[in-house]
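Coordinate analysis (summary)
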Amino acid sequence: MRIISGSLKGRKLSGYDIEGTRPTMDKVKESMFAMIQFQIAGSIALDLFAGTGSLGLEAISNGAEHCYFVDRNFKCTQIIAKDIQTFGIQDKATVLTMNWQKALSFFKEKNIQFDLVFLDPPYKDFVIADSIQSMKELNLLKKGAWIICEMEQNYEQINDISFELQKIRQYGPKTVLIYKFI
């Protein structure tokens, strides 16, 4: 597993073998980032359910100003922090070990808003719609924010007119949906 584009292109990522993680395949990640390439530069990003941190690290590599990585698994956040240190991007990253609900409350308390959000939770959890709705209610999304969701084929639709579906792509058993907060 590696970073596929940007200033850190080719750097190897750790953690691909952590139990319970499902790293995004390079082909899917490449397509995903091609779809959002003009939204990344200068953005404040959130990699919620970060796992290996692959998506947030790719965003930093492609010009995100800062990325917040959140995962409830301490082993995952340790490995993300190690990669951040190795890549010398500590000033562009914040790593938090907590569940998504606590993280969203933390961001509300700190008055942090996002331009770009990556959601790739464990497929069995079905929390994408809930986490997006919570981000809206807590005022964590800037107008025009992009939300990139990776899920199984039997995906959750967001039924809220505040979120406009921009793209949908199928990659075998995976589906990527990209929403814009309007």
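Per an unreviewed UniProt entry, the chain carries the name 16S rRNA (Guanine(966)-N(2))-methyltransferase RsmD and comes from Candidatus Faecenecus gallistercoris.

A word on the packing of aromatic side chains
Applying the stated criterion across every chain yields a total of six aromatic pairs. Judged by centre distance (5.8 Å) and plane angle (80 degrees), the ring pair of Tyr-68 and Phe-114 falls under edge-to-face. A residue pair is termed long-range when its members are at least 10 positions apart, and Tyr-68 in strand E2 (residues 66–71) and Phe-114 in strand E4 (residues 114–119) qualify at 46 residues. Assessed through its relative accessible area of 14%, Tyr-68 is described here as buried. A ring pair is formed by Phe-163 and Phe-181, whose centres lie 5.2 Å apart and whose planes are at 40 degrees; its orientation type is tilted. A residue pair is termed long-range when its members are at least 10 positions apart, and Phe-163 in strand E6 (residues 163–171) and Phe-181 in strand E7 (residues 174–181) qualify at 18 residues. The buried category is assigned to Phe-181, whose relative accessible area is 7%.

Overview of the sheet that holds strand E5 (residues 141–152)
Strand order in the open sheet formed by seven strands is E3-E2-E1-E4-E5-E7-E6, and the pairing between neighbours is mixed. This sheet does not close on itself; its edge strands, each paired only once, are strand E3 (93–97) and E6. Direction aside, neighbouring strands of the sheet carry axes that sit 15 degrees apart on average. Looking at chain direction, E6 and E7 are connected through eight bridges and run antiparallel. Its bridge partner being in E7, Lys-167 is matched across the sheet by Ile-178. Where helix H3 (residues 74–87) meets the sheet, it contacts E2 and E3, and its direction lies at approximately 165 degrees from that of E3.

Focus: unusual backbone geometry
Phi is positive for Phe-49, close to 60 degrees, though the residue is something other than glycine. Examined against the element boundaries, Phe-49 turns out to sit in the loop between strand E1 (44–48) and helix H2 (54–61). Classification of Phe-49 by relative accessible area gives buried; the value is 14%. The backbone of Asn-139 shows a phi angle near 60 degrees, a positive value even though the residue is not glycine. With respect to the secondary-structure elements, Asn-139 resides in the loop between helix H5 (128–137) and E5. Since its relative accessible area comes to 44%, Asn-139 is described here as partly exposed.

Regarding the packing of helix H1 (residues 26–40) against H2
Helices that pack against each other are described as a pair by the angle of their axes relative to one another and the distance between those axes. Look at H1 against H2: their axes get within 11 Å of each other, and the N-to-C directions meet at 45 degrees. Classified by the angle between their axes, H1 and H2 sit oblique to one another. Crossing geometry of H1 relative to H2 is assigned as right-handed. Every residue of H2 that contacts H1 at Lys-29, Met-32, Phe-33 and Ile-40 is listed here: Ser-54, Leu-55, Glu-58 and Ala-59. Residues that form the contact of H1 with H2 fall into these classes: five nonpolar, one polar and two charged.

Parameters at a glance
Residues numbered from 1 in each chain as written. Predicted model: local features only at pLDDT ≥ 70, side-chain atom pairs only at ≥ 80, totals over all residues. Heavy atoms only, no water. Phe/Tyr/Trp six-rings, centres within 6.5 Å; stacked < 30°, edge-to-face > 60°. Helix = DSSP H or I, 4+ residues; strand = E, 2+ residues; numbered from the N terminus. Buried < 20%, exposed > 50% of the residue type's maximum accessible area, 1.4 Å probe, protein only. Pairing = 2+ DSSP bridges. Axes fitted to C-alpha atoms, helices over the stretch in contact; angles between N-to-C directions. Contact = heavy atoms within 4.5 Å. Parallel < 35°, antiparallel > 145°, perpendicular 65-115°, else oblique. Left-handed = near helix turned anticlockwise from the far one by under 90°. Nonpolar A, V, L, I, M, F, W, Y, C, P; charged D, E, K, R; others polar.

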